[in-house]
Amino acid sequence: MPCLHSEVHSMESDSATSAGASSAAGAGTEKSVRRETETKPLMMKGMGWFFSPLWSPRSKTRKKRFQGGMKSDQVEAWLDDHSDFTRAYFLRRASAVSGPQTELSPVLPRLPKSRSDHSEMLMRPHHRRGSTPLISSHLHISSSSDRLRPLALNPRAPEWIDCYSPDVMGCHSPLSPRSSRFSFSPCLPLSPICPSSPELSHSPQPSCPPASTTVACGRGECCSWMMELLRGGLSWMGSVAELCQGAVQHAGELLAAEGCSLSLVKKDSGGKNTLEEVVALMELGYSSEGDLCCHAHMELVKGIMGCVLASGTQMNLRDVSEDPRFELDDEQSSKIRTVLSVPIKNHREEVVGVVVMINKRTDSDESVSVFTNMDEKVLSNHMDVLGMVLDNVQLYESSRQEAKRSQALIEMAQVLSKEHHSFEILLSRMAATIMPFTRAQYCTIFIPSKQTKDCFARVIHLECEELGSSCQIYRRERDISDIDPSYALRTLNAMETLNMSEGSEESLQSLICCPVRNERSEDVIAVCQLMSKRSRDSDELEAFNRYDERLLEDLAVYCGLALQYVQAVQITEERRASIEVTQEVLAYHITAAEQEIQVLQEATIPSAKTLSILDFHFSGFGLPEDMTSQATVRMFLDLNLVQDFNIDYKTLCQWVLTVRRGYRNNVPYHNWGHALSTAQSMFAILMATDQLQTIFSRLEILALMIASLSHDLDHRGVSNSYIERSQQPLAQLYGHSSLENHHYNLCLFILNNTGSQILSSLSSEDHRAVQQMIKRAIIATDLTVFMERRKEFFCLTKKSKVSWKSEKQRDLLRSMLMTASDLSAITKPWHEQRRIANLVAMEFFAQGDKEKEEFKIKPVGIMNRENSTRLPYLQVEYIDDICYPLYKAVSTLFDTCSPLLKGCKKNRENWLHLAKEAEEENSEDSCCSVSMETHISEEEKCQTEE
């Protein structure tokens with residue numbers, strides 16, 4: 001970058017002179033450096049600004065071209081719009097200055113391909129403690145009584161990622177929306193922007209540039225400071241502060257200023273831009289009138305910087321005492337007369353800092369002079385370079401710190417994903433994961449009390465002890481009274497992160513507290529506190545920065561997840577225990593009394609003929625309750641299930657009585673009587689049809705009998721639609737076929753109940769198979785499921801011959817037989833059928849009344865009590881739509897089941913007769929007349945479709 005003092009006259013000369021000078025300069029370097037372009041010497045002259053690889057032109061697009069008498073601003077405009085040429089030019093110029101062996105380093109390095117490359121190339125600090133606590137996936141946490149085990153450095157976390165601890169994360173980072181402008185600490189080592197980093201063993205650069213190199217700034221385009229910066233001159237700068245100090249010293253010497261100062265922009269907790277002093281007001285060796293850096297002068301400089309920050313424009317005060325914005329006392333007015341202050345901007349034109357030059361002197365008589373327009377431009381251009389470098393540092397540091405943060409989050413996620421014996425161990429391991437990244441010596445997690453507000457119930461305290469090249473993090477047993485909870489209480493009440501640092505002459509006390517929230521309730525469920533941050537390069541303490549806050553807030557999120565996970569596990573365990581207790585109580589109350597079991601066991605079971613259970617027209621009405629149990633036992637005996645499956649007789653008796661107790665007596669229709677009727681119908685079908693005994697295996701017959709007797713266990717007298725509409729727990733638990741799933745689960749509960757285990761003799765494979773068949777059989781009694789599958793069954797009956805070897809077809813047949821048995825009340829003798837129909841109507845109308853009251857809706861016709869006089873019509877529709885097609889199909893397959901179809905037809909005729917009588921009584925309601933001839937079976941529908 002050319003400094004402008006040596007070119008002010010050249011820029012005002014004509015184009016011929018300018019071209020000649022440029023040609024001469026080009027000829028001087030042509031012998032040692034290969035030229036890529038020979039025909040553009042004019043562009044080198046009058047170059048009044050620098051070039052950076054990330055430079056973004058500030059000038060508006062101009063379409064002018066170079067001509068003979070072109071001004072310097074025109075040259076700048078052209079170069080702004082032709083950055084490709086300018087880049088190549090400065091690459092050549094840098095090579096010309098440093099020699100053919102020196103290659104111009106980019107501002108940002110090419111990242112290595114592996115982490116090992118990072119650790120070897122990028123970062124080997126000057127004064128690194130061997131005990132720097134890096135994170136390890138094998139972190140060992142022990143109690144105070146445990147033996148200390150050293151923590152080895154983690155090879156997965158390379159050394160370079162722990163080199164910086166910025167005050168705030170950069171605005172470049174997509175993960176840090178709350179960050180401020182700069183992401184580095186002025187006092188910490190600068191990131192290795194160039195491959196010629198001072199931490200490389202092969203980098204022989206001195207710790208400070210020779211003083212004589214500053215003289216070269218006036219030789220044409222050869223600004224030594226700029227060339228060093230672009231070529232890798234950051235190698236002699238160990239921190240941002242040293243970089244800034246070198247920049248202002250170089251610029252101050254060029255401008256012949258007595259003093260200078262530089263501050264960088266930061267954002268406070270409220271998001272407001274503030275200035276942090278990086279280079280304090282210092283004298284440059286010109287002044288002979290006493291101390292320039294007194295407190296009053298510093299305050300004046302801060303005021304000037306504040307004005308420049310607010311306006312974003314440079315300020316050239318030729319006489320500070322005459323400016324009404326600043327009130328100067330006699331001492332200030334006598335020592336500070338001229339001031340030049342320039343904002344430092346990045347390539348986005350954002351102010352990232354402010355520099356101040358004080359009291360310009362001439363080289364002749366050292367009399368006070370003023371800063372010229374050319375001084376403004378020189379300082380502005382040098383600060384543009386500094387702004388670009390700082391911006392690049394910020395971008396690179398942000399990516400490095402995000403890599404470090406990502407490593408910490410991965411470690412915490414791994415800890416969270418593993419099983420832990422206790423909640424304290426889980427939190428301890430998470431806290432121990434974050435401590436090395438923040439270099440905190442103490443970490444305490446406060447758990448608030450649930451009973452008392454503003455009080456903590458317990459604490460988890462961890463300490464870090466460094467052992468040479470490793471560190472040990474262990475948990476100490478500390479009482480809550482031994483730890484100061486004041487800061488944690490403040491955080492608990494404010495629900496915001498608290499960062500405190502109190503310095504004294506002896507030491508610095510640093511502390512940071514962060515609330516841990518429950519994501520659902522937003523309540524603070526814990527407070528995490530870090531204390532005593534150690535410096536990376538020494539044993540001194542330092543304050544926690546914004547980066548540490550972000551890491552702690554990340555830890556708080558994971559701690560919140562851990563707390564919720566532990567709480568969820570505790571709740572699950574408590575509910576499981578509660579369910580077990582409930583099942584215990586249920587098993588006690590549902591199980592028949594020992595005396596009742598003994599009576600059934602010792603009773604003489606009547607024959608099937610005596611009980612009439614072989615008859616399709618069997619009626620359970622009028623049977624004593626003990627006879628219903630004996631009839632059930634007789635079914636299992638006559639089907640040889642007791643003998644085939646080695647069922648203990650007493651166990652069978654207890655199971656039957658327990659199933660009987662599982663039905664609710666206050667339900668009009670879906671009670672034990674209906675269960676017995678369904679089981680008897682299945683028994684009659686199986687006993688009457690020898691073909692079914694061949695089609696089904698013994699295991700399938702056992703499953704059908706168990707399912708038919710248990711298919712409505714604990715029925716509540718309402719339908720699935722009502723359960724779903726009222727959002728009962730059954731609907732939430734199962735989602736669909738809620739009642740049927742509940743019946744099946746209760747069936748399993750009884751089968752597994754002590755003393756009722758009639759399947760205990762089965763092998764594990766047969767046990768699983770029969771359970772699956774029982775479930776499918778019970779679910780099949782849901783009419784919605786029946787309506788979905790019946791078309792397939794009706795089409796199957798049309799075939800001349802059906803092979804029942806397919807499990808799918810046998811499952812379909814079992815399902816249809818379950819529905820046929822469940823609906824068999826429609827096939828009973830007329831007096832029985834009418835009685836059952838009234839019980840069904842009573843149950844349905846009761847549900848309709850509930851729907852009216854609870855949902856304020858009109859129930860469907862079959863459940864609307866207002867339609868009680870239309871019961872015959874509803875029964876005829878029910879038979880035509882559901883019952884008749886089913887029994888027609890079953891009778892087609894098995895002739896022995898024809899009594900079911902005949903009983904259904906006869907009952908339809910009786911209901912139709914009642915409907916006609918009602919029509920005659922009320923001729924106005926003629927729309928409900930039906931006839932037998934209008935019935936179209938599902939079989940005929942299937943034939944039509946085919």
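Residues numbered from 1 in each chain as written. Predicted model: local features only at pLDDT ≥ 70, side-chain atom pairs only at ≥ 80, totals over all residues. Heavy atoms only, no water.

## Brief notes about the overall build of the protein chain
Within the protein chain, the regular secondary structure consists of 31 helices and 14 strands. Out of the 946 residues in the protein chain, the part that is buried amounts to 53%. Per element, the accessible surface of the protein chain, about 44100 Å² overall, is 49% carbon and sulfur. (Helix = DSSP H or I, 4+ residues; strand = E, 2+ residues; numbered from the N terminus. Buried < 20%, exposed > 50% of the residue type's maximum accessible area, 1.4 Å probe, protein only. Areas by Shrake-Rupley, 256 points an atom, 1.4 Å probe, with all protein chains shown as cover.)

## Description of the confidence of the model for the protein chain
Looking at the protein chain as a whole, its pLDDT mean stands at 74, while 68% of the residues score no less than 70. Per-residue pLDDT stays below 50 along residues 1-70; that stretch engages in 143 contacts with residues further than four places along the chain or on separate chains. For residues 94-184, every residue scores under 50 in pLDDT, and the model assigns this stretch 277 contacts once sequence neighbours within four places are set aside. (pLDDT = per-residue confidence, 0-100. Contact = heavy atoms within 4.5 Å.)

## Here's the deal with the side chain of Thr819
With respect to the element layout, Thr819 can be found in helix α27 (residues 807-822). For Thr819, the contacting residues outside a window of four places in its chain are Ala780, Phe786 and Leu886.

## Describing the pattern of salt bridges
Here the structure, examined in full by the defined rule, presents 34 salt bridges. Where Lys345 meets Glu349, a salt bridge forms, and the shortest distance between an N and an O atom there is 3.7 Å. What makes Glu349 partly exposed here is its relative accessible area of 36%. Among the charged side chains, a salt-bridge network with shared partners connects Glu700, Arg776, Arg789, Glu807, Arg810, Asp811 and Arg814. (Salt bridge = Lys/Arg side-chain N within 4 Å of Asp/Glu carboxyl O.)

## Quick word on helix α10 (residues 373-417)
Over its 45 residues, α10 extends 64 Å from the first C-alpha to the last, a length consistent with the 66 Å expected when each residue adds 1.5 Å. In terms of burial, α10 is a largely internal element, 33 of the 45 residues being buried. (Expected span 1.5 Å × (residues − 1).)

## Some points on the packing of helix α21 (residues 698-710) against α27
For the pair α21 and α27, interaxial distance at closest approach is 11 Å and the crossing angle is 30°. One way to sum up the angle between α21 and α27 is to call them roughly parallel. Note on packing geometry: the crossing formed by α21 with α27 is right-handed. Seen from α21, the contacting residues are Glu700, Leu704, Ala707 and Ser708; seen from α27, they are Glu807, Arg810, Arg814 and Met818. The residue inventory of the contact of α21 with α27, partitioned by class, reads three nonpolar, one polar and four charged. (Axes fitted to C-alpha atoms, helices over the stretch in contact; angles between N-to-C directions. Parallel < 35°, antiparallel > 145°, perpendicular 65-115°, else oblique. Left-handed = near helix turned anticlockwise from the far one by under 90°. Nonpolar A, V, L, I, M, F, W, Y, C, P; charged D, E, K, R; others polar.)

## A look at the packing of aromatic side chains
Going through the model one piece at a time under the given rule, you end up with six aromatic pairs. Where Phe446 meets Phe456, the ring centres are 5.0 Å apart and the plane angle is 45°; that geometry is what we call tilted. Placement of the pair is Phe446 in strand β8 (residues 440-448) and Phe456 in strand β9 (residues 456-467), with a sequence separation of 10 residues. This pair shows no difference in class: Phe446 is buried, exactly as Phe456 is. Residue placement shows Arg835 over the ring face of Phe621; its charged tip is 4.0 Å from the ring centre. (Phe/Tyr/Trp six-rings, centres within 6.5 Å; stacked < 30°, edge-to-face > 60°. Lys NZ or Arg CZ within 6 Å of the ring centre and 35° of its normal.)

## Here we look at unusual backbone geometry
Of note in this structure, Asn640 is not a glycine but carries a positive phi near 60°. With respect to the helices and strands, the residue Asn640 is situated in the loop between α16 (625-638) and α17 (641-644). Residue Asn640 is classed as partly exposed on the basis of its relative accessible area, which comes to 38%. Of note, Asp714 is a non-glycine position whose phi angle comes to about 55°, a positive value. Relative to the assigned elements, Asp714 resides in the loop between α21 and α22 (720-725). When its relative accessible area of 13% is taken as the criterion, Asp714 is described as buried.

## Structural notes on the nonpolar core
Counting residues in each nonpolar core, the largest one holds 101 residues, and the members touching the most others are Trp655, Ile706 and Ile774. A total of 11 residues in this core trace back to one element, the largest contributor, which is helix α29 (residues 871-893). With residues near it in sequence (within four places) discarded, Trp655 still touches Phe636, Ile706, Leu709, Ser710, Ile750, Leu751, Ser756 and Ile758. (Core = buried A, V, L, I, M, F, W, Y, C linked by side-chain atoms within 4.5 Å.)

## Considering the packing of α21 against helix α25 (residues 764-779)
For the pair α21 and α25, interaxial distance at closest approach is 9 Å and the crossing angle is 45°. Relative to α25, the element α21 lies oblique. At the point where α21 passes α25, the crossing takes the right-handed sense. Contacts between α21 and α25 involve Leu699, Glu700, Ala703, Ile706, Ala707 and Ser710 on the former and, on the latter, Asp766, Ala769, Val770, Met773, Ile774, Ala777 and Ile778. Of the residues assigned to the contact of α21 with α25, the class counts are 10 nonpolar, one polar and two charged.

## Examining the pairing of strand β2 (residues 257-267)
Across the 11 residues of β2, nine count as buried, placing the element largely inside the fold. Here seven bridges tie β2 to strand β6 (residues 351-361), and the two strands are oriented antiparallel to one another. Pairing of Cys260 across the sheet is with Met357, part of β6. One ladder, built from eight bridges, connects β2 with strand β3 (residues 273-283); its direction is antiparallel. Looking across to β3, one finds that Leu264 is bridged to Glu276. (Pairing = 2+ DSSP bridges.)

## Notes on the state of the cysteines
Overall, the coordinates contain zero disulfides when judged by the stated rule. Cys443 takes part in no disulfide bond, and the closest cysteine sulfur to it belongs to Cys528, at a distance of 4.0 Å. Between Cys904, a free cysteine, and Cys883, which holds the nearest cysteine sulfur, the sulfur-to-sulfur gap is 5.4 Å. (Disulfide = S-S within 2.5 Å.)

## Observations regarding α25
End to end, α25 covers 23 Å across 16 residues, agreeing with the expected 22 Å (1.5 Å per residue, within 8%). Buried residues of α25: Val770, Gln771, Met773, Ile774, Ala777, Ile778 and Ile779, and no others. Contacts made by the buried residues of α25 are with α21, α24 (738-751), α26 (783-797) and α27.

## Notes on the pairing of strand β5 (residues 339-345)
Of all seven residues in β5, seven are buried, a share of seventy percent or more. Direction of pairing for strand β4 (residues 315-317) relative to β5: antiparallel, over a ladder of three bridges. Considered in β5, the bridge of Met315 is made with Ser341. Alignment of β5 against β6, held across seven bridges, turns out to be antiparallel. Looking at the pairing, Val339 lines up with Ile358 of β6. With antiparallel pairing between neighbouring strands as the criterion, β5 and β6 make up a hairpin whose turn holds five residues, including Glu349 at a positive phi of roughly 65°.

## Focus on the side chain of Thr827
Following the sequence through the fold, Thr827 ends up in the loop between α27 and α28 (830-855). Judged by its relative accessible area of 1%, Thr827 is buried. There is a polar contact of 2.6 Å between the side chain of Thr827 and the backbone oxygen of Ser824. Leave out the neighbours within four places in its chain, and Thr827 touches His617, Tyr887, Leu900, Gly903, Cys904 and Asn907. (Polar contact = N/O pair within 3.5 Å; in protein donor to acceptor, adjacent residues only side chain to side chain.)

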